[in-house]
Amino acid sequence: MSTEDRPPAPRSLAEALRARGDASLGALLRGRPDLITPVPTDLTQLATRAGTRASVVRALERLDRFALQTAEALAVAADPATYGELLGLMAGDDADPAVVAALPHAVGLLREQALVWGDDDRLRLVRTARELLAPSPQHPSPTGLGPTVQEATAGMSPGRIQEIVAAAGLASTHDSVSAVTALAGLFTDRARMAALLAEAPADSLDVLERLVWGPPYGQVTADPAPRLRWLLDRGLLLPTAPGTVVMPREVALHLRRGLAHRAAEPVPPVVEAAAAHHPQVVDSTAAGQAYTALATVEELLKDWDEGGPAVLRAGGLSVRDLKRTAVALDVPEPTAAFWVELAYAAGLLASDGEADERYAATPAYDEWLEQPAAERWSQLVTAWLAATRTAGLVGGRDAKDRTLSALGPGLDRSAAPEVRHRVLTLLAGLPEGAAPAPGSVLARLRWERPLRGDRREDDLRGRLAEWALSEAELLGVTGRGALSAHGRALLGAPAAPAPGPEAEPAGPGDKLPVHHHHHRATPLAPLSPAEQAVASAAAARLLAPLLPEPLDHVLLQADLTAVAPGPLQRPLADMLSVLADVESKGGATVYRFTPGSVRRALDAGRAASDLHAFLTAHSRTPVPQPLAYLIDDVARRHGHLRVGAASAYVRCDDDAVLSEILADKRAAGLGLRRLAPTVLAAQADPAGLLEGLRAMGFAPAAESAEGDVLITRALAHRTPPRTPPEPVPDGPPVPDDTLLSAALRAIRAGDLASTAPRKPGTAPAADGELPRTGAAETLATMQAAVLTGEALWIGYVNAEGAASQRVIAPIRVEGGFVTAYDHTADEVRTYPLHRITGVAELADDAG
């Protein structure tokens, strides 16, 4: 392309954006979704928003280390800089080949994100980014460079500048500007600078060595030592304030051989495999963990069936209740906090909202229990992937030094889902069965997001990654540290890369894409809810065959125990949990039958014959005699006594039994008195009376007003229907394709309205001002445009008083309204004529 054919260089970011295609603008809006929240009216407003401090800070924080280093180098380069100057700062005099290869992509990324604009011969960093990254005494540059000669000599007397120029061996000049230019020219000339430094005393060179990589400031006394005096005389150090000197940027760059950074990092650290396992071992281990996860959540909520722990006044579980839960689940407290938070995130538990508020299972828990095991698992992990609530923080302190409690406020961390997803994506980049070295995962994440400034926040991302690795193992997404096949499916990831000779030198982690220009392949973008639902269903299908089949039998033992050698079918497990107490868990569950547990089954409405039949049907071994005797013995005494409401009464056909109760000292608190030979009245309520008599060794049954035995089922306490907690987003969501194309159309149309050329004599008085015409002229122009089908440029003020410019093609004018196709909104709209400030015709070539 000849120079004449080349389009003119953009003079502003808005012009640079105007020259972009839709794909390029779309990539910008996906990378920086805050720019279309709300949709800007035109490209000038988009450029203004892209230059605001909050938006630029956010964009810089989302850059990888090399792209950020490139932006930092541009902040210390001339403004504008050429690509060659930038390459010199990044690759140095030795032109590091890795940097040379990676720099075009980094510059392309900065351009795409609208942090840099202009052609390669005039690269400009957005002004706000330059202010944030350029060196100043208050905010040192990450490059360690100081101010330029021109900046450092700004307040210096002309006489002193001339003295420095002379001492440096340069000819004196008539003015300070040319003197400073000459000095800067000397410092940037490699050969002349080398000659000057060759004359320097060794201890003066030592001073420069100490300052060269930053910070560039040093302290001096009122009477500097000879080694410092030599440097000060020649401007190699310049005074910035009384007692402080600085090494000018040009001097440091000479000593650094042109490098802006001590170590550029163009290549992301490789995620290294620490161990390799057979993929089948990984999958079966992960499936075992997945099954344990389901059993743990079930056990947690069964434990809270009668109503769980109380809700603290500030929200959340008390430390004591978390301890109790950890003991019940036989896990450490941080792990118990994870299971509680997971059940909450999945919508399986919530607070019941009663006056004495407690935690309990939700109705969704009962639906969850009815699903196949693999689908229950997929529901848990899908909730885990998206949750911003972070169980790892439990027990820590918030900004006001209050303890963070499980299920309490203050646990949301917006970055959690993205870090979780990214960690799993890095694992997916390793060959099947390979478990990563956690340190290499953290190093890779730090390269991808080198957060500046707040070190605590930086530390949080590392902790989030460590928690993600351990939680993935607890949930069975990974097995032995390696991503399972169902874990890979959960990400919607392709099959694992096959280990091969090409993977050896670079390491398997390098197979992962580091950057991509289009949104779907961006490694940091988790799946949309619809895509995640498909991926979770695929993961469940892969996991299902690996989970143990529920059994329909147990092994009854002579010592009044039953052994379940694996998971039991739900009806069998539910009945057995009523008829017996769980004694120990593990690969096999041991249940123990006691008089109390048998009575619980009888209270639940089962007859002794039902219990015998149930055990015979579900035992692989004959029902042992001691167990049959226990059931019959408890059943014979069960319901022999009847309790009802008198306040309460006891009735029994055998008056000798009632006499025995009355004579027992333990009955004193029940306030019993005989009403008839077979009836005692009590002060206690029926429930208290039942408890009291059971404590005395009797087996009473409650009865209704009709005299029937009351069946007491262990009715589970449930909350009203509850929605799971909403994740707290990390800024505006990435726009989908529909929103993106609508936003682009609106911005382009708005830009057409604000920049379209008008016919001579109709342009507004000042750029951006709304057109002004009288009512009669407006109406006449509108009516003419209806006939010719031409588009018009109008100024419009809406009902809220907000003014805008629009391009419309009038279709009909009647009754004080104009109906027109609005190019700005891309739809037909009706406008009241009295709200139109004026109208102008567009030039013929405005298309």
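This text goes with the structure placed above it.
The structure displayed is predicted, hence computed values, not measured ones.

Draft legend 1. How the structure looks around the overall build of the chain. In terms of regular secondary structure, the chain is built from 34 helices and 25 strands. Considering only contacts in the chain between residues 6 or more positions apart, those separated by 24 or more positions represent 67%. Just so you have it, the chain exposes about 39,900 Å², and 55% of that area is on carbon and sulfur atoms.

Draft legend 2. Spotlight on the sheet that holds strand S23 (residues 817-822). Ordered by their spatial adjacency, five strands build an open sheet running S24-S23-S22-S21-S25, and the pairing between neighbours is antiparallel. Edge positions in the sheet fall to strand S24 (827-832) and strand S25 (836-841), since each of these pairs with one other strand and no more. Strand after strand, the sheet turns through a mean of 45° between neighbouring axes, direction not considered. Note that strand S21 (residues 792-797) and S25 share five bridges and pair antiparallel.

Draft legend 3. Structural view of the sheet that holds strand S5 (residues 244-246). An order of S3-S5-S4 is seen for the three strands of this open sheet, with the pairing classed as antiparallel. The outermost strands of the open sheet, each flanked by one partner alone, are strand S3 (217-219) and strand S4 (238-241). Taking each pair of neighbouring strands and ignoring which way they run, the sheet shows an average axis angle of 40°. With three bridges joining them, S3 and S5 adopt antiparallel strand pairing. Residue Tyr217 lies in a different strand from S5, and its bridge partner there is Val246.

Draft legend 4. Structural view of the nonpolar core. Core analysis: the largest hydrophobic core is formed by 91 residues, its most contacted members being Leu17, Phe187, Leu236 and Leu237. Leaving out residues up to four positions away in the same chain, Phe187 has contacts with Val149, Met193, Leu196, Arg234, Gly235, Leu236, Glu250, Val251 and His254. Ranked by size, the runner-up nonpolar core spans 75 residues in total, among them Trp304, Leu380, Ala434 and Ala472.

Draft legend 5. Quick look at helix H5 (residues 65-75). Across the 11 residues of H5, 10 count as buried, placing the element largely inside the fold. Turning to H5, its buried residues are Phe66, Ala67, Leu68, Gln69, Thr70, Ala71, Glu72, Ala73, Leu74 and Ala75. The opening residue of H5, the one whose side-chain oxygen lies 2.9 Å from the backbone nitrogen of Phe66, is Asp64.

Draft legend 6. Inspection of the pairing of strand S22 (residues 803-814) at higher detail. In terms of strand pairing, S21 meets S22 through six bridges, oriented antiparallel. By the bridge assignment for S22, Gly795 is matched with Gln805. Taken together, S21 and the strand that follows it, S22, pair antiparallel across an intervening segment of five residues, in which Gly801 is found at a positive phi of about 90°. In terms of strand pairing, S22 meets S23 through six bridges, oriented antiparallel. Its bridge partner being in S23, Val813 is matched across the sheet by Val818.

Draft legend 7. Structural view of unusual backbone geometry. A cis amide bond links Asp79 with the next residue in sequence, Pro80, at an omega value of 5°. When you line up the elements, Pro80 lands in the loop between H5 and helix H6 (83-91). At Arg257, a position not held by glycine, the phi torsion is positive, near 60°. On the basis of relative accessible area, Arg257 is assigned to the partly exposed category, the value being 44%. In this structure, Arg480 takes a positive phi of about 55° despite not being glycine. Along the polypeptide, Arg480 turns up in the loop between strand S10 (478-479) and strand S11 (482-483).

Draft legend 8. Spatial organisation of the pattern of salt bridges. Here the structure, examined in full by the defined rule, presents 33 salt bridges. Across the salt bridge formed by Arg160 and Glu163, the nearest N and O atoms sit 3.1 Å from each other. Residue Arg160 and its partner Glu163 are both found in helix H10 (residues 158-167); the two are separated by three residues, about one turn of the helix. Assessed through its relative accessible area of 24%, Arg160 is described here as partly exposed. Residue Glu163 is classed as partly exposed on the basis of its relative accessible area, which comes to 49%. A salt bridge links Glu298 to Arg376; its shortest N-O distance comes to 3.0 Å. You can see Glu298 sitting in helix H16 (residues 279-303) and its partner Arg376 sitting in helix H20 (residues 373-386), a full 78 residues away along the chain. Take Glu298 and Arg376: they sit in the same class, and that class is buried.

Draft legend 9. Structural detail: the side chain of Asp352. Inspection of the secondary structure assignment puts Asp352 in the loop between strand S7 (349-351) and strand S8 (359-361). Among buried Asp, Glu, Lys and Arg side chains, Asp352 stands out as unpaired, with Arg722 the closest opposite charge at 6.1 Å. In terms of polar contacts, Asp352 uses its side chain to reach the backbone amide nitrogen of Glu354, at 3.0 Å. Dropping the residues within four chain positions of it, Asp352 is found in contact with Glu357, Arg358, His717, Thr719, Pro720 and Arg722.

Parameters and conventions
Every chain is numbered on its own, with residues counted from 1 as its sequence reads. Selection of residues for local features in this predicted model requires a pLDDT of at least 70, selection of side-chain atom pairs for listing and counting requires 80 or more, and totals for whole chains, interfaces and linings are taken over all residues. Hydrogens and waters are ignored; side-chain quantities use all the structure's heavy atoms. Numbering of helices and strands runs from the N terminus, with a helix taken as a DSSP run of H or I at least four residues long and a strand as a DSSP run of E at least two residues long. Contacts between residues were defined by any pair of non-hydrogen atoms, one from each residue, lying within 4.5 Å. Computed with the Shrake-Rupley method and a 1.4 Å probe, the accessible areas treat only the protein chains shown as cover for residues. Here, any two strands with at least 2 DSSP bridges between them count as paired. The convention used is that axes are lines fitted to C-alpha atoms, helices contributing only their stretch in contact, and that angles between N-to-C directions extend from 0 to 180 degrees. Only buried residues count toward a nonpolar core, which is a set of Ala, Val, Leu, Ile, Met, Phe, Trp, Tyr and Cys residues joined through side-chain atoms within 4.5 Å. Think of it in three bands: with a 1.4 Å probe and only protein chains considered, a residue is buried below 20% of the maximum accessible area for its type, exposed above 50%, and partly exposed in between. The definition of a polar contact used here is a pair of N or O atoms within 3.5 Å, where within protein one atom must be able to donate a hydrogen and the other to accept one, and adjacent residues in sequence count solely through side-chain atom pairs. Within this document, salt bridges are pairs made up of a side-chain nitrogen of Lys or Arg and a carboxyl oxygen of Asp or Glu, the two lying within 4 Å of each other. Charged residues are defined here as Lys and Arg on the positive side and Asp and Glu on the negative side; His and the ends of the chain fall outside this count.

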